[in-house]
Amino acid sequence: MNSSNQYLNLNKDLWHECLESSYGFLRASWPRNWLGMPVVLLECLRFLNLQENNVSDAGRSMLKAAKSVASEIEKHAENLSELKEPKYHNRLHFADALTSMSVQLAILVELKKDASQDWMVCALLACIAHDFVHPGKVNLVESEIEQQSVNFLKPILDSHSVPDEWQKIIDTVIVRSDFSIVHQNHAQVAGKAFEWNLEWLCVLLNEADVMASASSKYGPVLGDSLAQEWRLIDFPLHSSVASLEGRKNFLKQLIFSSPSSLVLGLGEKISKEILTINS
């Protein structure tokens, strides 16, 4: 992968430009010449300087598990026809979320001057697996699909001997990535300084999950993709989610409260887009 000047290449602390150019780089290969999730993951690890020789035993087990998830995602997609891979919850979404998480983590390391490699690897693992084997449907009960992803993930975590205490964190973070309970996660950290812990990791995943969709450049097309996905299951909102009004309603629901999201200026950019839609 020749990612020079395009993928996760930070220049003069222009974090948002780095993020947006990385989204563009992913789309240049999607879907016909897709890079593959293993390659995307390796680039994220390179960007964050996370390697098997500079993490703990627990971190090493999570890193190996993340690589296995990346490979399994591609194998699962190969078993589906192009028509059956979800229109939104697909490998491009996984790569968008992983890219977003990587940029967030890099910003936090710079802000705190304190990198916790184990928590960073945990964040990448939870992120790449948060929609693992997504069926392209919607939850009928809270966190239904997220729990299914946790269930699919568990054999991989066990096979790499990921410690139980980290498995519990990963499970909780994924289950709490249900969009309907995001506000609860942000409420848990309101007024608190960032720490490498479960509460903040839930928020980081919530933000990474929707960051590409929040982009004024790439979000509207992702809204179209979600509409197509929902149309296939006859979910009522398919007819409005990609409209200007649907876009505005989506943007109004978004919460970005992490220090990394403030550096990226996401709140201001979302407010600006809402004003543009209203005008």
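Residues numbered from 1 in each chain as written. Predicted model: local features only at pLDDT ≥ 70, side-chain atom pairs only at ≥ 80, totals over all residues. Heavy atoms only, no water.

*Asks:* An account of the overall build of the chain is requested, with residue identities and associated values reported.
*Replies:* The helix and strand inventory of the chain stands at 13 helices and 0 strands. By the compact-globule yardstick of 19 Å for 279 residues, the chain fits well, its C-alpha radius of gyration being 18 Å. Seen through its principal axes, the chain has C-alpha atoms that stretch 50 × 40 × 40 Å. Expressed as a percentage of its 279 residues, the buried residues of the chain come to 52%. Long-range pairs, those at least 24 residues apart, make up 75% of the contacts in the chain between residues at least 6 apart in sequence. (Helix = DSSP H or I, 4+ residues; strand = E, 2+ residues; numbered from the N terminus. Rg over C-alpha atoms; globule rule 2.2 N^0.38 Å. Buried < 20%, exposed > 50% of the residue type's maximum accessible area, 1.4 Å probe, protein only. Contact = heavy atoms within 4.5 Å.)

*Asks:* Report on the side chain of S215, specifying residues and quantitative values.
*Replies:* Here S215 is to be found in the loop between α9 (198-214) and α10 (219-232). For S215, a relative accessible area of 7% translates into the label buried. If we skip the residues at most four places from it in the chain, S215 touches E20, P220, R247 and E273.

*Asks:* Account for the state of the cysteines, with residues named and values stated.
*Replies:* Throughout the structure, instances matching the rule amount to 0 disulfides. With no disulfide of its own, C44 lies 8.4 Å from the sulfur of C127, the closest cysteine sulfur. (Disulfide = S-S within 2.5 Å.)

*Asks:* Tell me about the environment of S21, residues and numbers included.
*Replies:* Structurally, S21 can be placed in helix α1 (residues 15-29). A distance of 3.3 Å separates the side chain of S21 from the backbone oxygen of Q6, its partner in a polar contact. (Polar contact = N/O pair within 3.5 Å; in protein donor to acceptor, adjacent residues only side chain to side chain.)

*Asks:* Go over the packing of helix α8 (residues 182-189) against α9, please, and point to the residues and values.
*Replies:* Direction vectors running N to C along α8 and α9 enclose 135 degrees, while the axes themselves pass 9 Å from each other. The orientation of α8 relative to α9 falls into the category oblique. In terms of crossing hand, the pair formed by α8 and α9 is left-handed. Residues V182, N185, H186, Q188 and V189 of α8 lie in contact with α9, whose contacting residues are E199, W200, C202, V203, N206 and E207. Across the contact of α8 with α9, the residue classes break down as 5 nonpolar, 4 polar and 2 charged. (Axes fitted to C-alpha atoms, helices over the stretch in contact; angles between N-to-C directions. Parallel < 35°, antiparallel > 145°, perpendicular 65-115°, else oblique. Left-handed = near helix turned anticlockwise from the far one by under 90°. Nonpolar A, V, L, I, M, F, W, Y, C, P; charged D, E, K, R; others polar.)

*Asks:* Please provide a residue-by-residue account of the nonpolar core, values included.
*Replies:* If you look at the biggest cluster of nonpolar residues, it comprises 88 residues, and the most contacted ones within it are M101 and I170. Sequence-distant contacts of I170, defined by excluding residues within four places in its chain, comprise M62, C122, L125, A126, L153, L157 and V162. (Core = buried A, V, L, I, M, F, W, Y, C linked by side-chain atoms within 4.5 Å.)

*Asks:* Report on the packing of aromatic side chains, specifying residues and quantitative values.
*Replies:* The final tally for this structure, using the stated rule, is 8 aromatic pairs. Here the aromatic rings of Y23 and Y218 are separated by 6.0 Å at their centres, their planes lie at 80 degrees, and the arrangement is edge-to-face. Within this pair, whereas Y23 is found in helix α1, its partner Y218 is found in the loop between α9 and α10, the two being separated by 195 residues in sequence. Summarising the aromatic geometry, the rings of F179 and F250 are spaced 6.3 Å apart at their centres and angled 25 degrees between planes, so their arrangement reads as stacked. Of this pair, F179 sits in the loop between α7 (164-175) and α8 while F250 sits in helix α11 (residues 244-253), placing them 71 residues apart in sequence. Overall, F179 belongs to the partly exposed group, its relative accessible area being 36%. Pairwise contacts between aromatic rings join F194, W196 and W200 into one cluster. (Phe/Tyr/Trp six-rings, centres within 6.5 Å; stacked < 30°, edge-to-face > 60°.)

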